[in-house]
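# Descriptive structure summary
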Amino acid sequence: MASSETEAVYLHDASLRTLATEVISHQLVSALEEPEKSLYKGATDPEMSVVTMRQTVLYPQGGGQPSDTGSLAIVDEEPTFTVTTVRKAPSGRILHFGKTSTQPGSLFQEDQRVVQRVDGAKRDYHSRLHTGGHVVGLAMQLLYPEMKKVKANHFPAEACMEYEGLLYNEQKPVIQAKVDELVQQDLPVLISWVEDGSDLEGKGAMREGPVRVASIGGLDRNPCGGTHVPSTQKVGPITIRKISRQKGISRVSYDVPLEV
Ligand SMILES: [Zn+2]
């Protein structure tokens, strides 16, 4: 692993909410190089800075799942840095954008040991929304195997799965019933790593190195780098909100409760 890369601990243990690690760099947003600066459009506050660390438990926005928020603290001290958003740069650096609550401009030092904390309630909600997308996807695969998935969005209030082909309102109760059945069965969410993801071609998997695969009860296989709850019942009741169509693409909008 190159020294600037961050180990993505959330990929291996999505239940971790805190982790002690070391700072690699801490710099003002204005000091970032252009491709990294543009990763977060909201970084207009001149006091906003960016921390990179050897490891992180904070999930960076990606794969249709929103970023975590959280905090950083010097070991045995109160948190002094609020993480507003996390982004992964093409270089593998995971950038924690935020602000320090101490005097502006005071930065963590290289190799300083810090404790990361994830905002747990928000992470849980994002994990349930994301896993809910897998459940909707499996329901669709079982009901309409010929329809190709083209897009997934697991953001609050806009979560949906999109498919090539046409779905109509009459199919909404059918999808709802299948989703309810999969939640009620409490199927495990299985994560594995495969060296060769070539059979996943067409599902957006083709990339270098091992591919992380998520499966609901062994019934499907999806390349996925997101965070999940351990089983389908932990998603909570999923509501199929709406079926809509545009230019030959059908959208299945869904929601999960804020808390379960
Ligand atoms: Zn996933």
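Read on for an overview of the structure. (Residues numbered from 1 in each chain as written. Predicted model: local features only at pLDDT ≥ 70, side-chain atom pairs only at ≥ 80, totals over all residues. Heavy atoms only, no water.)

Taken as a whole, this structure holds eight salt bridges when the rule is applied. One salt bridge in this structure joins Arg113 and Glu22, with 2.3 Å as the shortest N-O distance. Of this pair, Arg113 sits in strand β8 (residues 113-118) while Glu22 sits in strand β2 (residues 18-28); the two residues are 91 residues apart in sequence, bridging distant segments of the chain. Glu162 serves as the salt-bridge partner of Arg251, at 2.7 Å between the closest nitrogen and oxygen. Highlighted residues: Arg251 in strand β15 (residues 249-255) and Glu162 in strand β10 (residues 160-164), separated in sequence by 89 residues. Arg251 sits in the partly exposed class, given a relative accessible area of 35%. (Salt bridge = Lys/Arg side-chain N within 4 Å of Asp/Glu carboxyl O. Helix = DSSP H or I, 4+ residues; strand = E, 2+ residues; numbered from the N terminus. Buried < 20%, exposed > 50% of the residue type's maximum accessible area, 1.4 Å probe, protein only.)

Let us look at helix α2 (residues 120-143). With 24 residues, α2 extends 34 Å between its outermost C-alpha atoms, agreeing within 8% with the 34 Å of an ideal straight helix rising 1.5 Å per residue. Judged by how many residues are buried, α2 sits mostly within the fold: 17 of 24 residues are covered. (Expected span 1.5 Å × (residues − 1).)

On to the sheet that holds strand β3 (residues 49-53), then. Read once around its circumference, the closed barrel built from six strands follows the order β2-β3-β7-β6-β5-β8, with strand pairing classed as antiparallel. Sheet twist, expressed as the mean angle between neighbouring strand axes with direction ignored, is 45 degrees. Judged from the four bridges that link them, strand β5 (residues 70-74) and strand β6 (residues 79-88) form a sheet pairing that is antiparallel. Bridge assignment links Ser71 to a residue of β6, and that residue is Thr82. (Pairing = 2+ DSSP bridges. Axes fitted to C-alpha atoms, helices over the stretch in contact; angles between N-to-C directions.)

Here we come to the coordination of the zinc ion. Around a metal, the ideal angle is 109.5 degrees if four donors adopt a tetrahedral arrangement and 90 or 180 degrees if six donors adopt an octahedral arrangement. Coordination sphere of the zinc ion, protein contribution only: His130 (NE2), His134 (NE2), Cys224 (SG) and His228 (NE2), at 2.0 to 2.1 Å. Given four donor atoms and angles of 101 to 124 degrees at the metal, the environment of the zinc ion is assigned as tetrahedral. Each donor residue of the zinc ion belongs to the same chain, and together they define the spacing H-x3-H-x89-C-x3-H. Take Cys224 and His228: they sit in the same class, and that class is buried. (Donors = N, O, S within 2.8 Å, 3.2 Å for Na, K, Ca; no water. Tetrahedral: all angles 85-135°; square planar, octahedral: opposite > 155°, others 65-115°.)

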